[in-house]
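# Structural overview
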Amino acid sequence: MFPDLPSYRCSCGRRPTPSVERWRCDCGGLLDLPAAAVTWSPRRGDHSLWRYQDAIAVPGRELSLGEGMTPLVGASPDGEEGVRLKVEYASPTGSFKDRGAVMLVALARLLGATRLVADSSGNAGTAVAAYAARAGLAAEIFVPAGTSDKKLLQIRGHGAQVTVVDGSREDTARAAVERVEATGAFYASHVYNPYFYEGTKTYALEVFEQLGETAPATLVLPAGNGTLVLGAYLGFAGLRAAGLVDRLPRVVVVQAQRCAPLAAAFAAGREDVEPVTPEATVAEGIAIAAPPRGTRILEIVRETGGAVVTVTEEEIARAHAALAAQGLWVEPTGAVSYAAVRRLRAEGSPFMEGAVVAPLCGSGLKASL
Ligand SMILES: Cc1ncc(COP(=O)(O)O)c(C=O)c1O
Ligand SMILES: [Zn+2]
């Protein structure tokens, strides 16, 4: 029906066709899209991520709030000359999740969906709600109890129905899946639907373009479910497949020490991620105890010669203050990658050699310390 829309791939060998109902494989496995070389032909007049339409599998550029093309600024005062910060909180709804949400909502519309369901720690739900509103689709967003009031206000403001689940982030996802199964709504999941990563992939394409068509030495990226890690990898792997870069940036993943299943698995040399019992953290956006794509995230870290590091609550707070002192106002989760940069720099880590890029993922107008 949509000749340009790639089919999903599952490790079991099945290749399901995208449809409103399809969100995982019949075997229960996670779906991916085929790896593709990047077609590098930025549309210079388009100042949204749709300037990379030729490298994106979703033919959806008529749906846009101007997402993407976020600033890349230096981090100067404490001597981090080589460090660039990508101001993702300058996105339309205040977080990088807009990159993926626009893809899922464009896909849902193409497939003929009228209702969307998403679950989120807040920012992805906000982004899906905004793009659903823009596309004229109904949305229901499941969030865990404790999600910042401002995020709830924002989701409701876009006309979405909010269901607050009295339980963990995992309980919230289960409640969303039950609703999807009961109603036949499109599951706009940033965890399960790989079309989301077509959007986060553009993070890498922008970094490449903003650094004069070169790859940085290191990408420092926060991870809960790892949607930015997965997308950024796809972007640089696609650029390498196209012969535009000759190596991948090292991927240094950052987690909050209080909820660090990826860090535990990496430190133990394990391929799979075991769920942890999370403690409360100010980094609500990355408090994921059992990331479903954890194995893939660890593969990316190892393939690129990176690492998984953790930051303490105090380091997050200090990084938040240091950013504010430079004029950058992020939500607590948004300070996590910068906290890691500061620590690695202080330790004289080789990961800080060469160009380093870290994102400021969410706006301080959404939640504060
Ligand atoms: C501000 C912020 N940073 C980072 C993340 C991490 O995203 P992911 O769970 O996809 O790794 C989130 C997720 O909601 C977020 O809101
Ligand atoms: Zn399968």
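You'll find the chain entered in an unreviewed UniProt entry as Pyridoxal-phosphate dependent enzyme, with Sphaerisporangium flaviroseum given as the organism.

## Side note on the packing of aromatic side chains
One pass over the full model with this rule turns up seven aromatic pairs. Judged by centre distance (5.0 Å) and plane angle (80°), the rings of W23 and Y192 are edge-to-face. In this pair, W23 sits in the segment before β1 (72-74) while Y192 sits in the loop between β6 (186-187) and α5 (195-210), placing the two residues 169 residues apart along the sequence. Each residue in the set W23, Y187 and Y192 is aromatic and connected to the rest through ring pairs, giving one cluster.

## Concerning the coordination of the zinc ion (ligand 2)
Here the zinc ion (ligand 2) is held by the protein donor atoms C10 (SG), C12 (SG), C25 (SG) and C27 (SG), which lie 2.2 to 2.3 Å from it. Going along the chain, you hit the donors of the zinc ion (ligand 2) in the pattern C-x1-C-x12-C-x1-C. Of the two residues, C12 is situated in the segment before β1 and C27 in the segment before β1; the sequence distance between them amounts to 15 residues. By relative accessible area, which is 44% here, C27 ends up partly exposed.

## Let's talk about helix α6 (residues 227-241)
If you check α6, its first and last C-alpha atoms are 21 Å apart, about what 15 residues at 1.5 Å a residue would give, namely 21 Å. Among the residues making up α6, those that are buried are T227, L228, V229, L230, G231, A232, Y233, G235, F236, A237, G238 and L239. Contacts made by the buried residues of α6 are with α1 (97-111), α5, β7 (218-222), β8 (250-256), α8 (294-304) and β10 (356-359). G243 sits one or two residues past α6 and shows a positive phi near 80°.

## Comments concerning the pairing of strand β5 (residues 161-165)
Of the pairings in the sheet, the one linking strand β4 (residues 138-144) to β5 comprises five bridges and is parallel in character. For I141, the partnering residue across the bridge sits in β5 and is V162. Crossover connection from β4 via helix α3 (residues 149-157) to parallel β5: handedness right-handed.

## As for the sheet that holds β8
Spatially, the six strands line up as an open sheet ordered β1-β2-β10-β7-β8-β9, and their pairing is mixed. Here the strands that pair on one side only, and so sit at the sheet edges, are β1 and β9 (307-311). Direction aside, neighbouring strands of the sheet carry axes that sit 25° apart on average. Across two bridges, β7 lies against β10 in parallel orientation. Bridging across to β10, T218 finds its partner in V356. Packed onto the sheet, α6 meets β7, β8 and β10 and runs at close to 155° relative to β7. Strand contacts of α8: β8 and β9, with the helix running at about 135° to β8, the strand carrying the most contacts.

Parameters and conventions
- Residues numbered from 1 in each chain as written.
- Chains lettered and ligands numbered in written order.
- Predicted model: local features only at pLDDT ≥ 70, side-chain atom pairs only at ≥ 80, totals over all residues.
- Heavy atoms only, no water.
- Phe/Tyr/Trp six-rings, centres within 6.5 Å; stacked < 30°, edge-to-face > 60°.
- Helix = DSSP H or I, 4+ residues; strand = E, 2+ residues; numbered from the N terminus.
- Donors = N, O, S within 2.8 Å, 3.2 Å for Na, K, Ca; no water.
- Buried < 20%, exposed > 50% of the residue type's maximum accessible area, 1.4 Å probe, protein only.
- Expected span 1.5 Å × (residues − 1).
- Contact = heavy atoms within 4.5 Å.
- Pairing = 2+ DSSP bridges.
- Right-handed = clockwise from strand over helix to strand, strands pointing away.
- Axes fitted to C-alpha atoms, helices over the stretch in contact; angles between N-to-C directions.

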